[in-house]
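Working through the structure, step by step
Below, each chain spelled out in residue letters.
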Amino acid sequence: MNEYVTLLLDLATEVEQFPLTECSLSDDLEKHWVYIAAFKNTAIRFIGASKFIDDARFQSSIAGVNVNSEYIGDAYDVQAELIAIIYYIREKAKDPSWGQITTNAEDFVEFALIDRISSLNPRQFNVSKLARFAQELNENYKRGNYLSCALLIRAIINHVPPIFEQRTFKQVVAHSSKSVKAILFNLEEGARDIGDLHTHEIVDKFSAPPSKNQIDPYKPNIDVLFREIERKLSC
């Protein structure tokens, strides 16, 4: 059993044993608020730990839980939802291999590069969403979620043209220097096609998610794009 599953099981016990009943027997509204806030904190820690578990069915279930309770009755409902999910966790955790994360050693986008761009404060642009795109691209790449990687790469190239004073990424490519143009062209004509393929392809007996081999060739291209972004925003 890996460390994330162990942590999740410990937090699951906290969720199950949280004494909401003690609060429901009281008419003290301030006490209700304190208990609801404390339970919300417990539930958020449980859901936060859940994000490290590699199980699509589990992730789908946990994503549907809204922990923002206003009343003690709402908190009871959240606790009941989570306990139902906890039953699933305890059953799956009997398999020592459950919840293992498939990881790659490297980030897709250099962490220091994302950090430098995040620290910039250009007057015209808010780069927080761009940084988040890059962070999620790294997270999904490490987990082997290559379908998410394909869609995030496409989202990035759709997001950045205004930084280059252009409306589309095709225009960004056309107005780039000769040495950069060929590199960015591969994103427009290759990575975009991969993203489009897996977005628009309808299910049939041959449909399959992208492989690592479909994603890896675009690492150096994305690296150059982010360095060009850093250069433009630093001017």
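Residues numbered from 1 in each chain as written. Predicted model: local features only at pLDDT ≥ 70, side-chain atom pairs only at ≥ 80, totals over all residues. Heavy atoms only, no water.

**Considerations on helix 8 (residues 146-159)**
With 14 residues, helix 8 should cover 20 Å at 1.5 Å per step; its first-to-last C-alpha distance of 20 Å lies within 8% of that length. Within helix 8 the residues assigned to the buried category are Tyr146, Cys149, Ala150, Leu152, Ile153, Arg154, Ile156 and Ile157. Elements that come into contact with the buried residues of helix 8 comprise helix 7 (128-143), helix 9 (169-174), helix 10 (178-200), helix 11 (212-215) and helix 12 (219-234). (Helix = DSSP H or I, 4+ residues; strand = E, 2+ residues; numbered from the N terminus. Expected span 1.5 Å × (residues − 1). Buried < 20%, exposed > 50% of the residue type's maximum accessible area, 1.4 Å probe, protein only. Contact = heavy atoms within 4.5 Å.)

**A closer look at the pattern of salt bridges**
Applying the stated criterion across every chain, the model contains 13 salt bridges. For Asp107, the salt bridge is made with Lys142, and the minimal N-O distance between the two is 2.9 Å. Remark: Lys142 occurs in helix 7 and Asp107 occurs in the loop between helix 5 (72-92) and helix 6 (111-119); sequence separation between them is 35 residues. We classify Asp107 as partly exposed; its relative accessible area is 24%. For Glu136, the salt bridge is made with Arg132, and the minimal N-O distance between the two is 3.1 Å. Taken as a pair, Glu136 and Arg132 lie in helix 7 at a separation of 4 residues, close to a single helical turn. Connected via shared salt-bridge partners are Glu110, Asp223 and Arg227. (Salt bridge = Lys/Arg side-chain N within 4 Å of Asp/Glu carboxyl O.)

**Let's talk about the packing of aromatic side chains**
With the rule as written, the count across this model stands at 5 aromatic pairs. Between Phe18 and Tyr35, the ring centres sit 6.3 Å apart and the planes meet at 80°, which makes this aromatic pair edge-to-face. With Phe18 in the loop between helix 1 (3-17) and helix 2 (20-24) and Tyr35 in helix 3 (residues 29-50), this residue pair connects regions lying 17 residues apart in the sequence. Each member of the pair, Phe18 as well as Tyr35, is classed as buried. Ring pairing ties together the aromatic residues Phe18, Tyr35 and Phe39, which thus form one cluster. (Phe/Tyr/Trp six-rings, centres within 6.5 Å; stacked < 30°, edge-to-face > 60°.)

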